[in-house]
Amino acid sequence: MKCHHCESQATVHLTQIINGQMHKMDLCESCAQEKGVTNPDNLSIGSLLDNQPKFESSSASMTCESCGTTHQDFKKGGRLGCEACYHVFRPVLEPLLDGMHAGINHLGKIPSRSVERKTVVESEDALRKALQKAVEEENYEKAAELRDRLKKLQAQSSATT
Amino acid sequence: MFHDLFFSKTKGKAPKPCPIALSTRVRLARNLREFPFPGRAQSGQKKAVLSKCLEALEKVTDLKTSTSVELDELSELDRQILVERHLISLELSQSDESGGVVLSDDRSCSVMVNEEDHLRIQVLSNGLDFEKVWKLADSLDSGIESKLDYAFDQQLGFLTACPTNLGTGMRASVMMHLPGLVMSKNMDKVINAVNHLGIAVRGLFGEGSDASGSIFQISNQQTLGESETAILERLQVTLENIVHQERMAREKLLEDDGMRLVDKISRAVGSLKNCYLIQSSEAMDHLSLIRLAADFGFLPEKFRALADRMFIEVQPGHVQLSAGKPIEPGERDQLRAETLRKEFLRMPQLNLDPQVD
């Protein structure tokens with residue numbers, strides 16, 4: 001077996017699972033050293049796969065249903081098409097972000113509306129669960145009240161967006 | 001090692017005013033929820049985004065006194081002038097449909113619509129002042145956000161067309177005049193060293209532009225994984241180090257080969273006073289030396305301000321603006337030379353024994 005980076009005999013074999021997808025890589029001793037493959041705990045195979053044209057996986061057929069951007073489009077232009085793309089392409093994106101940025105978690109400003117949106121969503125969820133429970137318990141009076149509250153909340157959130 | 005200098009904090013504060021830094025800019029990339037990003041949007045969707053954004057921007061307090069323009073209404077020349085003044089990007093100037101820009105009357109804020117992202121919020125100021133510029137950009141952004149729903153993800157931050165802008169969506173940059181590092185051939189080393197720190201160096205007009213006039217745009221490359229203030233602090237430390245390196249390079253040039261430097265500056269003075277045909281890149285290189293001469297005290301302070309003004313006015317769009325109509329490159333070179341001769345007519349002899357304070 002040949003090394004992923006040079007033509008030498010591969011002696012180090014890596015397997016890593018990123019977002020449920022298995023990636024395998026074979027490296028020779030010196031490339032493994034050079035890439036810092038000394039501590040498997042700190043190793044991201046994604047950063048090694050970076051810029052590797054040989055890398056093929058099921059992601060090749062990914063397409064964003066919302067805007068039509070394909071994995072091929074993203075690889076070619078480096079741009080995504082819409083908000084939903086970030087869900088669709090997350091598995092291929094996350095390993096790239098590692099090498100691109102200082103970290104992979106947002107530590108900056110949070111827009112106030114997104115906070116409001118989140119609390120609305122959360123309480124909607126909570127109400128829905130409570131409603132389901134009331135129905136299961138055949139407590140129809142409570143269920144009716146919860147249903148009205150849920151309706152009101154939904155009307156509010158659709159009015160603000 | 002040269003490289004190591006960029007990792008340690010410089011001792012003490014950078015002296016103010018800082019003539020090496022020409023201007024500071026903070027740009028925030030934002031997108032609306034429920035619309036595809038401009039690169040993927042249909043014509044109708046782009047139109048909807050434009051009118052939605054312009055309507056919202058009208059009501060933002062920080063843009064109370066501002067002008068909003070749709071790119072379609074502007075001539076080629078108007079667009080070029082906005083680019084040369086750094087008020088819109090080259091990308092927006094080439095937009096074929098539904099591009100827009102809102103400019104505050106004092107020209108400190110500009111919000112571009114339907115560039116690479118739905119919104120590009122930009123704040124500009126003279127000199128080096130991240131604190132002031134970020135404060136205004138933050139307030140402007142919050143004002144806009146109270147009217148529009150941004151595409152935002154808890155983990156990835158503000159969602160942008162290009163993943164290189166994710167997170168804060170913030171690109172902070174400073175325009176720096178670095179003739180000492182260029183002449184001493186140390187600029188490549190600086191670029192390499194700061195690249196390792198996630199900081200990019202580009203020419204005067206951003207990506208792909210050349211570095212005529214020894215003017216460089218230095219900005220953060222990474223936008224995710226750090227807060228806005230952390231990014232700005234890191235950039236500030238690096239910039240202070242570059243200023244320090246530039247000062248040392250200038251001193252060394254003067255010490256080692258002062259006569260050559262004086263000769264260069266003096267020839268630049270001669271060229272500006274006597275040219276009849278001049279291209280913008282040559283003009284910028286001469287202006288750069290005039291600015292340097294003012295920094296050394298060889299020329300009165302007011303010539304630095306004049307050089308800074310002329311950096312913009314020698315650009316092709318601005319030469320045509322002064323002509324009042326679009327003109328061919330050959331004619332431009334002639335008009336540019338005429339303007340420079342007039343402006344630098346009264347430039348005095350170099351004072352090679354300046355009083356240092």
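Before any of the text, the structure's been laid out above.
Here the residue numbers are simple positions, counted from 1 along each chain's written sequence. Here the convention is simple: chains get letters from A, ligands get numbers from 1, in the order in which they are written. In view of the model being predicted, local features appear only for residues whose pLDDT reaches at least 70, and side-chain atom pairs are presented and counted only at 80 or more, with totals across whole chains, interfaces and linings using the full set of residues.

Enquirer: I'm lost on the overall build of chain A in this one. Help?
Expert: Numbering goes from the N terminus for both helices and strands, where a helix is a DSSP run of H or I of at least four residues and a strand is a run of E of at least two. When you go through chain A residue by residue, the secondary structure sums to seven helices and two strands. Element order for chain A, N to C, with α for helix and β for strand: β-β-α-α-α-α-α-α-α. For every residue, the other C-beta atoms within 10 Å of its own C-beta are counted; 20 or more classify it as buried, 12 or fewer as exposed, and values in between as partly exposed. C-beta atoms are placed from the backbone. By the burial criterion, 21% of the 161 residues in chain A qualify as buried.

Enquirer: Got a minute to help me understand the environment of Pro 348 of chain B in this structure?
Expert: With respect to the helices and strands, Pro 348 of chain B occurs in the segment after helix H11 (329-343). Under the C-beta neighbour-count criterion, Pro 348 of chain B is labelled exposed, with 10 such atoms within 10 Å.

Enquirer: Looking at this structure, I do not really get the nonpolar core. What am I missing?
Expert: Buried together is how nonpolar side chains tend to be arranged in soluble globular proteins. Residues and elements named next belong to chain B. In this description, a nonpolar core means buried residues of the types Ala, Val, Leu, Ile, Met, Phe, Trp, Tyr and Cys, linked to one another by C-beta atoms lying within 7 Å. One finds Val 111 and Met 176 to be the most contacted residues of the largest nonpolar core, which totals 90 residues. Sort the elements by how many residues they give to this core and helix H7 (residues 228-274) lands first, with seven residues. One finds Ala 268, Leu 289, Ile 290 and Ala 337 within the second-largest nonpolar core, a separate group that totals 26 residues.

Enquirer: I tried to follow helix H2 (residues 76-84) of chain B on my own but got confused; where do I start?
Expert: The α-helix winds at 3.6 residues per turn, so residues separated by three or four positions along the chain end up facing the same way. Residues and elements named next belong to chain B. Among the residues of H2, Arg 79, Gln 80, Ile 81, Leu 82, Val 83 and Glu 84 are the ones counted as buried. Of the surrounding secondary structure, the elements contacted by the buried residues of H2 are helix H3 (90-93), helix H9 (302-313) and helix H10 (316-323). In the stretch just after H2, His 86 is the one whose phi turns positive, near 60°. Note on contacts: each residue gets a C-beta atom placed from the backbone, and two residues are in contact if those atoms are within 7 Å.

Enquirer: I'm lost on unusual backbone geometry in this one. Help?
Expert: Excluding glycine, most residues fall at negative phi; most peptide bonds, likewise, are trans. If you check the backbone angles, Glu 138 of chain A has positive phi at about 60° while not being a glycine. Along the chain, the position of Glu 138 of chain A falls in the loop between helix H6 (112-136) and helix H7 (140-160). Look at Glu 138 of chain A and you get exposed, because 8 C-beta atoms sit within 10 Å. If you check the backbone angles, Ser 98 of chain B has positive phi at about 55° while not being a glycine. Here Ser 98 of chain B shows up in the loop between H3 and strand E3 (100-104).

Function cannot be inferred from these measures alone, as they are strictly geometric.
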